[in-house]
Amino acid sequence: MRIIGVFTVIFVTGIGSALGIALAETVNIMNQENFQEFAPALPTKILDINGTLITEFSADEKRELVSLADLPRHLIFAVLAREDPDFYRHKGFSVRGIARAAYGLVIGQNLGGGSTITQQVAGTLYTDRSERKISRKIRELWWALQMERRYTKNEILEIYLNYMYMGPGVYGVEAASKYFFGHSAKDISLAESAILVIQLSSPSKYNPLDNPNLAMDRQLSVLSRMVELGYTTKSDTEVSFSEYWENYDYTRVSQAAYFNRDDKAPWFSEYVRRELDSMMYKTMDYYRDGYTVHTTLDLNFQDSAQRYMSEGITRANREYRVSSGNRLVRAERTYIPIVDLLSLTFDVNILRGTSQERNETRALNRYTKVVNPVIDLAALAFGLEGMKDISNAGFVELKANTEENVVEGSLILIENETGYIKALIGGSKYDENNQLIRATQGYVMPGSSFKPLYYSAAIDSGKFTPSSMIYDVPVVFHNEDGTPYIPLNFRGEWKGTVLLYDALAQSMNVPSLKILDTIGFDTAIDRAAMLLGITDPNVKRRTFPHLYPIGLGIISIAPIQMARAFAVFANEGREVTPMAIRYIENRNGTVILDNEREIRQKQRQKGSAIQLISPQNAYVMTGLLKKTVEIGTLGGQGAKFVFVNDKGERYRIAAAGKTGTTQNWSDAWTVGFTPYYTTAIWFGFDRPGNSLGLTLTGATLAGPIWGDFMRDVHRGLPAKDFRRPESGVVDIRVCAKSGQLLTPACNQGEVVLTFLDKYRPVEYCSYHEAGGGYRSHTAIESLRSGVSAFDDRDVLSDLKMPSLDISQFPASAPAGRPAPAVNRVDEVENSGPSLDFTMPALDDFELPSYNPLME
């Protein structure tokens, strides 16, 4: 009796506890689970600087609520036919359904689920449906009973149709209908209703975009069931079914709803999303919590950037295909037959495969571009999984080929004073296969656009001024390990005596490397790293090897870094921190993160260190870069900065910049700025190795786009020039030939240049005072070595050039022009071959006229 009494107490206690918990849960459901207060996950809104919606982030749950009364009856009937025909008759559970599911488990067959629509909703809301336990099914049944007591049938069905997962990142019938069919569920057809309904049981298996044949079979099953239950007629199902598959797009691929969202600036949005990942706490879910992100983007600027960059990328690929095709044709017609002949004649096996490899390359290209898409289409249409694997492998090969042979491009616009990113283009088209934001992640060679960064250090050193004269001839530089480096100018042209400002404007390579050689690697690298924002010693060491090619931009830098560096010049030498997010609000409108305020606080804490370079240095550098727009490689863009105000008066906004084209013409840059904004533009390949061709350079490709885009951005802004420091700089008119102070004898032009006051020129023109040439040995020696640190004798002994027979020159000059004097450089004795070449006298070199192709 005692034992029975103990068990009775335990049993009664357990039952009481269970009833108490159940009662508590019932009270909770009565107090909380009212559909009128039903608040599913909300997307995060991304707004531009004017408050215009850019896009919404809801990759985890793309959901749009829709009322049951707004849905067509055949959609509701399809749901009932497939999931729960007795929904309006049972009390939340189906004994027959549970028995059927249990029997299926016993015999090892899938006879359908035993859960009603109410149980599915209860299980989704209050339990973990991935848990395969009887206890979970009991909890699900309990919650289903409570929901049946609390809600009407229509309310439960409405929750079901709005809440359930129905495809890649989409929840509810409204979002699913727009994802699969491109229109609202309110306009869904009978056949489309059946397609939606089968997603409820297995969205991945029955996805019509991935498995059209499986989806078709299961769709027919649902339609037949609807006919059987009297929800529709057989003729209606046949018409709707045929219409659906006749218009089905077999070429469309399945991708997450994130990539199908409406987005006015997808590259910028993705950049913001990645910034949010690093800013927000782990408990903050921007896919579900309904934040509002206020950004720096101006959609007006973004639209203009997108238009010009799309045109530029299209043009670049068109011209690249033409030029590369011409090169291949010439090679195949001229050189490959010769190579084949030599391989056969001398039995050189390594050469014999040339023709065979050429044919293999052609065959591979044709397969990946023509045959493989057909195989993929057939695999989808006929459900051939083996062929699908083959086509996927072909697409991998095609992607690798694309990265090497398709020209991409990027653009970033920064407001100088604030650092706001007002426009950002990361590539041709943002999608699942193209997510590299080249404007911020694309570390590519900047070419000559890098030169101003160490020119800035040269100006501060006092060893160079804007009018310093430099000798532009072939020179051999020796790296620290002794390896020689022989830089070339664009098209192999040499200009003789040039002034520093013109060497930079015309993007001459040898004068730039002489400047680098004179100020030293450490000085140049320190200044460049500071302007680019590279502070980590390890990154700095990896980025800037002590090798002469870095002077020509043979390093890896992202466009955003180049834009930042040039914006420092425009911002009077003060640090510029690019930012995309200003502040973030929660769903109640409360600011929870103020990114801009934090950035401004850090800048104030730096004190005087915020001044990276002096305002005087920034102003001198800006003056040098203005020459690029006036007479240099951007000379054709200056007219685009002339505007007309409301009174019909013309005015100009000052502009400065630099172009860049890397070795082998593989990258084309323009980085330029005004007192308002700085823009960096890049074109090139994701994988190095190919050449854009001689016609696609920083001056001819990126330059015009920069000019057009900046013209649109500045239209309507008032006239503005770069702010001049109150002291420390001086404008001086100098001889355009010698760079020295003018004399009455100067007759070859003059130029006004800006100098640091402490390094202003003090010597008068010795070129014209000497009668139009440097006649003294001292003058020539100072011209050759007074500015750059190298030994002429070593250069001449190392330089290998063919001898030039003077007798082949014309006996007399053309009519109207005197014959030039010719000086002979005597042979230099050394251990290597002697050098014998001729060159015009120094005083016969003329300043070059503007050449848009010169880099």
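Residues numbered from 1 in each chain as written. Predicted model: local features only at pLDDT ≥ 70, side-chain atom pairs only at ≥ 80, totals over all residues. Heavy atoms only, no water.

A. Spatial organisation of the packing of aromatic side chains. A full pass over the atoms with the stated rule returns 24 aromatic pairs. With 5.0 Å between their ring centres and 35° between their planes, Phe 477 and Tyr 548 make a pair best called tilted. Remark: Tyr 548 occurs in the loop between helix H22 (537–543) and helix H23 (559–570) and Phe 477 occurs in strand S10 (residues 477–478); sequence separation between them is 71 residues. Tyr 548 shares its class with Phe 477; the two are buried. Aromatic side chains Phe 643 and Tyr 651 sit 5.9 Å apart centroid to centroid with 35° between the ring planes, which places their arrangement in the tilted category. Through pairs of rings, three or more aromatic residues link up here, namely Tyr 179, Phe 180, Phe 181, Phe 241, Tyr 244, Trp 245 and Tyr 248. The ring centre of Phe 87 lies 4.5 Å from the NZ or CZ of Lys 153, which sits over that ring. Between the NZ or CZ atom of Arg 307 and the centre of the ring of Tyr 308, over which it lies, the distance is 4.8 Å. (Phe/Tyr/Trp six-rings, centres within 6.5 Å; stacked < 30°, edge-to-face > 60°. Helix = DSSP H or I, 4+ residues; strand = E, 2+ residues; numbered from the N terminus. Buried < 20%, exposed > 50% of the residue type's maximum accessible area, 1.4 Å probe, protein only. Lys NZ or Arg CZ within 6 Å of the ring centre and 35° of its normal.)

B. The arrangement of the nonpolar core in detail. Ranked by internal contacts, the top residues of the largest apolar core, which has 141 residues, are Phe 268, Leu 276, Ile 412, Leu 424, Leu 532, Phe 544 and Phe 683. Per element, the largest residue contribution to this core is nine residues, and it comes from H23. Beyond its immediate chain neighbours, meaning those up to four positions away, Phe 268 contacts Ile 54, Thr 295, Thr 296, Leu 297, Ile 421, Leu 424 and Ala 580. Leu 157, Leu 196, Ile 198 and Leu 200 belong to the second largest nonpolar core, which has 53 residues in total. (Core = buried A, V, L, I, M, F, W, Y, C linked by side-chain atoms within 4.5 Å. Contact = heavy atoms within 4.5 Å.)

C. Structural context of the pattern of salt bridges. If you walk through the whole model with that rule in mind, you get 31 salt bridges. Among the salt bridges present, the one from Arg 600 reaches Glu 596, with a minimum N-O distance of 3.4 Å. Remark: Glu 596 and Arg 600 occur in helix H24 (residues 595–605); sequence separation between them is four residues, near one turn of the helix. The two residues Arg 600 and Glu 596 agree in class, both being buried. Among the salt bridges present, the one from Asp 712 reaches Arg 715, with a minimum N-O distance of 3.2 Å. Taking the relative accessible area as the measure of exposure, Arg 715 reaches 51% and is therefore exposed. Ionic contacts of the salt-bridge type, sharing partners, join the residues Arg 307, Lys 640, Asp 708, Arg 711, Asp 712 and Arg 715 into one network. (Salt bridge = Lys/Arg side-chain N within 4 Å of Asp/Glu carboxyl O.)

D. Fine view of the environment of Tyr 764. By the element assignment, Tyr 764 lies in the loop between strand S21 (750–756) and helix H27 (766–769). Separated by 26 residues in sequence, Tyr 764 and Ser 738 place their C-alpha atoms 9.2 Å apart.

E. Focus on the pairing of strand S20 (residues 729–735). Among the seven residues of S20, five are classified as buried, and the element is accordingly described as predominantly covered. Two elements, S20 and S21, share seven bridges in a ladder whose sense is antiparallel. Bridge assignment links Val 730 to a residue of S21, and that residue is Phe 755. (Pairing = 2+ DSSP bridges.)

F. Just the side chain of Ser 456, in detail. Following the sequence through the fold, Ser 456 ends up in helix H18 (residues 451–461). By relative accessible area, which is 0% here, Ser 456 ends up buried. With residues near it in sequence (within four places) discarded, Ser 456 still touches Arg 527, Phe 569, Ile 613, Asn 617 and Met 621.

So yeah, pure geometry; function would need other evidence.
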